[in-house]
Amino acid sequence: MRGKVGKLVHLCQNLSNRFLLTKSQTPPRSENVKYIKPIIKGRKNMNFKIKKPISGLITAAVFTGFAGATLAGECKVSEASMAKPGGFPDRALTMIVPYGPGGGSGQVAAAMAEAVTELTSVSINRDHKPGGSGTVGMTAYMAAPTDGYTVLEHIDDASSAHALDSSKPNPAVDLIPLVISQVTFSQIYIRTNETRYTDWPSFVEWVRAQDGKATIANVSKEGSMERVIMKFITEASDMEIQQISFDKGAPRYGALLGGQVDALFEQPGDVRKFLDADNFKPILTVFNERPGAFSDVPTHKEMGMDFEPLLRFRGFYVHKDAPSDRVDWLKWAFQRGYCEDSYQTFNESKFMTVIDSYRDTNGAIEMINGAIAQYRDVYKEMGLDVK
């Protein structure tokens, strides 16, 4: 079993590598609750071994020394304006968001829509279609007109969904990435006023004593970045914990706030308001070093978990059949929108400057293709039915 897990962790290391910055990619400036597969079983005395990374790829270890710094540079889109092709757009755009408005996707969609509108004076109406860990929104988008007036926000779930089932849309082929605008790490949170445990070691001790009855709020999709990481964490920590599934961010956060669950797996920017209000506190950072904003929170590696972290990425897309001149305008609008002061301020407020968050169309395609290939290998090692 150890050999199989070691191979799986190495595959995830390679997947993590795909998300990170190469030297040439200088960044721009600055519900309902349901139970699914409830028990995740740990493996006693599990030792994770990381093999040497693939040559030419850069691991998260490259960012040692940068976790407390803001990445800065000139905007990569030099054109401050672009003529509308044939008058497009002459009305508001629609942005389909496959998650609720309160979560990370809802927040980044609102921020990017604001930035693009500031830049172009074109309004963007957001249409939230949560469900199925992004599949409901993706299905709705693929059925929408392909005239360029409808764009899509989506996350790495679209890549992992295609990796598991090749009949699902490939975001690098069936869609055209306009921009990847966020890449971030994850943490585990508890309530600040929690008395049963106060840090990661005491949490692990408490969970072990609950005989599988402890709970953590997480996303619903089996095989998602969150679920894969939680598998590694529970195995490395010899824990059994129930994952309570939520498709919308707000109910997921409310479950921890209201005491319906014991912990929460999430990205820090998504719960910023709860951190600022001192409602939540992180007890574990899933990253290779302590970011400056969380210098008092141990990393998974410091707690003895020797795996490379998978990262969350979010971006914006248009259908591959949209007219090419309209696609070019949308690429400019969203990539230049990333450079807008309002969007840069938003990303900084969401801890999105720890890792370079910008990928243009070509960079996004490279990231997505790498993610699909590596997730597919990870799923095979996990014994999932890869189609």
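Quick note: structure is the one above.
What comes next is a walk through the structure. (Residues numbered from 1 in each chain as written. Predicted model: local features only at pLDDT ≥ 70, side-chain atom pairs only at ≥ 80, totals over all residues. Heavy atoms only, no water.)

**Topic: the overall build of the protein**
Phase 1: The helix and strand inventory of the protein stands at 11 helices and 11 strands.
Phase 2: Within the span of the protein, comprising 387 residues, buried residues form 58% of the whole. (Helix = DSSP H or I, 4+ residues; strand = E, 2+ residues; numbered from the N terminus. Buried < 20%, exposed > 50% of the residue type's maximum accessible area, 1.4 Å probe, protein only.)

**Some words on the nonpolar core**
Phase 1: Membership of the largest hydrophobic core comes to 102 residues, with the highest contact counts inside it found for Ile-188, Trp-200, Ile-233 and Phe-334.
Phase 2: Among residues more than four places away in sequence, those in contact with Phe-334 are Met-95, Met-112, Val-116, Ile-124, Val-151, Leu-178, Val-179 and Phe-316. (Core = buried A, V, L, I, M, F, W, Y, C linked by side-chain atoms within 4.5 Å. Contact = heavy atoms within 4.5 Å.)

**Description of the packing of aromatic side chains**
Phase 1: Under the criterion given, the structure shown has 16 aromatic pairs.
Phase 2: Centroid distance Tyr-197 to Trp-206: 4.9 Å. Interplanar angle 55°. Geometry classified as tilted.
Phase 3: Using a relative accessible area of 1% as the deciding quantity, one classes Tyr-197 as buried.
Phase 4: Owing to a relative accessible area of 16%, Trp-206 belongs among the buried residues under this scheme.
Phase 5: For the pair Phe-294 and Phe-351, a centre-to-centre distance of 4.9 Å together with 55° between the ring planes defines the contact as tilted. Remark: Phe-351 occurs in the loop between α10 (341-349) and α11 (361-382) and Phe-294 occurs in the loop between β10 (280-286) and β11 (312-319); sequence separation between them is 57 residues. (Phe/Tyr/Trp six-rings, centres within 6.5 Å; stacked < 30°, edge-to-face > 60°.)

**Re helix α4 (residues 157-164)**
Phase 1: For α4, the buried fraction is high: 7 of the 8 residues fall into the buried class.
Phase 2: Considered for burial, the residues of α4 that qualify are Asp-157, Ala-158, Ser-159, Ser-160, Ala-161, His-162 and Ala-163.

**Focus on the sheet that holds strand β5 (residues 175-184)**
Phase 1: If you walk across this open sheet you meet the 5 strands as β3-β2-β4-β11-β5, and the pairing is mixed. Lying at the two open borders of the sheet, with one neighbouring strand each, are β3 (124-128) and β5. Strand-to-strand twist in this sheet, taken as the mean axis angle between neighbours without regard to direction, amounts to 25°.
Phase 2: Direction of pairing for strand β4 (residues 150-155) relative to β11: antiparallel, over a ladder of 4 bridges. Bridge pairing links Leu-152 to Tyr-317 in β11. (Pairing = 2+ DSSP bridges. Axes fitted to C-alpha atoms, helices over the stretch in contact; angles between N-to-C directions.)

**Details of the environment of Lys-76**
Phase 1: With respect to the helices and strands, the residue Lys-76 is situated in the loop between β1 (34-40) and β2 (93-97).
Phase 2: Its relative accessible area of 48% is what places Lys-76 among the partly exposed residues.
Phase 3: A sequence separation of 263 residues divides Lys-76 from Cys-339, and the C-alpha atoms of the two residues are 8.4 Å apart.

**Here's the deal with the pattern of salt bridges**
Phase 1: Tallied over the entire structure, the rule returns 16 salt bridges.
Phase 2: In this structure, Arg-312 and Asp-157 form a salt bridge, with 3.9 Å as the shortest nitrogen-oxygen distance. With Arg-312 in strand β11 and Asp-157 in helix α4, this residue pair connects regions lying 155 residues apart in the sequence. Both residues of the pair, Arg-312 and Asp-157, belong to the buried class.
Phase 3: Where Arg-252 meets Glu-266, a salt bridge forms, and the shortest distance between an N and an O atom there is 2.9 Å. Of the two residues, Arg-252 is situated in helix α7 (residues 249-257) and Glu-266 in strand β9 (residues 263-266); the sequence distance between them amounts to 14 residues. Judged on exposure class, the residue Arg-252 and its partner Glu-266 are both buried.
Phase 4: Salt bridges sharing common partners tie together Asp-156, Asp-157, Glu-226 and Arg-312. (Salt bridge = Lys/Arg side-chain N within 4 Å of Asp/Glu carboxyl O.)

**Details of unusual backbone geometry**
Phase 1: A cis geometry characterises the amide bond from Phe-88 onward to Pro-89, with omega recorded as -5°.
Phase 2: Tracing the chain through its elements places Pro-89 in the loop between β1 and β2.
Phase 3: Located in the positive-phi region is Asp-278, a residue other than glycine, with phi close to 60°.
Phase 4: Following the sequence through the fold, Asp-278 ends up in the loop between α8 (272-276) and β10.
Phase 5: Phi angles above zero are rare outside glycine, and Phe-351 is one such case at about 60°.

The analysis is restricted to geometry; functional conclusions fall outside its scope.
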